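Single-letter residue listing:
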Amino acid sequence: MTDAPAHDPSEASPLVEARGVSLRFGGRSVLDAVDLAVRAGEIVTLVGLNGAGKSTLVRVILGIVKPDSGEVVQRPRLRVGYVPQHMQRDPVMPITVERFMTLGAPAPRETLQRVLDEVGADPILGHPLAEVSGGEMQRVMLARALLREPQLLVLDEPLAGVDVTSQSDLYRLIAEIRDRRGCGVLLVSHDLHLVMAATDTVVCLNRHVCCSGRPQAILRHPEFISLFGPHLSETLAVYQHAHDHRHDALGEPLSIEAGSSQQPGAGGRRT
């Protein structure tokens, strides 16, 4: 386990990079010349409407699906931890959390305890898998991914099946793991309110990359506004920085008011 890098992640070479990736299914374009890079210490979040190609792009990056054109370049011997979008549980299957975590990759009980403790799920190691809650299941899946000591953590809709009160806690946890381990994180999410407060780079996908960059820049981008509407864009902008500084005539921040403290949101970094 390593500490997060002190340098700006944008200056590092990518852990993984998609270059001009295109893919068609049944004669229909699913991905069109997509570029994307994730670096150590960086949280990159894919957003977009349903059917935009987000999960497909993740599968291409992981090597599960081969693109028709373009390429995916990984750092040599890159260790990847993956949490898929859905994991079906058989309610009558007699399997414990401990047994599930070691399927295909045995690990000492002490190691299992350590990673479950890291994600806040230590007490459930011996519980039947079918009885854990949605939020607990996501933490178990995350802990299982951490067993690989990943340099890159890929999370496809990690809030699926999680109640609202647990969502911000999970985003905060993901940011803490990034900070503690120094890994890169590629995250797919539809919850734009949490994304805008908890990520470093946003990539807006609609089969092609509509726009990408820091959250506040994305909120002002014409293609983001066209996809999600001006009202949502304005709402997210207020949520993202909470108006704890003054603006000039063009809406740009001037300075932090004396005595105020900037709140970056769930797991967000001050920039």
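The structure this text deals with has already been given above.
Model, not experiment: these values are computed from the prediction. (Residues numbered from 1 in each chain as written. Predicted model: local features only at pLDDT ≥ 70, side-chain atom pairs only at ≥ 80, totals over all residues. Heavy atoms only, no water.)

Draft legend 1. Examining the sheet that holds strand E4 (residues 69-74) more closely. What the three strands build is an open sheet, ordered E2-E1-E4; its pairing is antiparallel. A strand with exactly one partner marks an edge of an open sheet, and here the two such strands are strand E2 (28-38) and E4. Taken pair by pair, the neighbouring strands of this sheet meet at an average axis angle of 20°, ignoring direction. Sitting on the sheet, helix H1 (residues 54-61) touches strand E1 (16-25), E2 and E4, and the angle it makes with E2 is about 60°. (Pairing = 2+ DSSP bridges. Helix = DSSP H or I, 4+ residues; strand = E, 2+ residues; numbered from the N terminus. Axes fitted to C-alpha atoms, helices over the stretch in contact; angles between N-to-C directions. Contact = heavy atoms within 4.5 Å.)

Draft legend 2. Highlighting the nonpolar core. With 50 residues, the main nonpolar core has Met101 and Phe224 as its most contacted residues. Among the elements that line this core, the one with the most residues is helix H4 (residues 134-146), at seven residues. Setting aside residues up to four positions removed in sequence, Phe224 forms contacts with Leu192, Met196, Cys204, Cys211, Ile218, Leu219, Gly229, Ser233 and Leu236. By size, the runner-up hydrophobic cluster in this structure holds 26 residues, among which are Val16, Val38, Ile61 and Leu78. (Core = buried A, V, L, I, M, F, W, Y, C linked by side-chain atoms within 4.5 Å. Buried < 20%, exposed > 50% of the residue type's maximum accessible area, 1.4 Å probe, protein only.)

Draft legend 3. Geometry of the sheet that holds strand E9 (residues 208-213). Across the sheet, six strands lie side by side as E5-E6-E7-E3-E8-E9; this open sheet has mixed pairing. Here the strands that pair on one side only, and so sit at the sheet edges, are strand E5 (80-83) and E9. Pairs of neighbouring strands in the sheet enclose a mean axial angle of 15°, with direction left out of account. Sheet analysis places strand E8 (residues 201-206) next to E9, joined by five bridges and oriented antiparallel. In the sheet register, Leu205 faces E9, and the bridge partner there is Val209. Here H4 sits on the sheet and contacts E5 and strand E6 (152-156); the angle it forms with E5, its principal contact strand, is near 165°.

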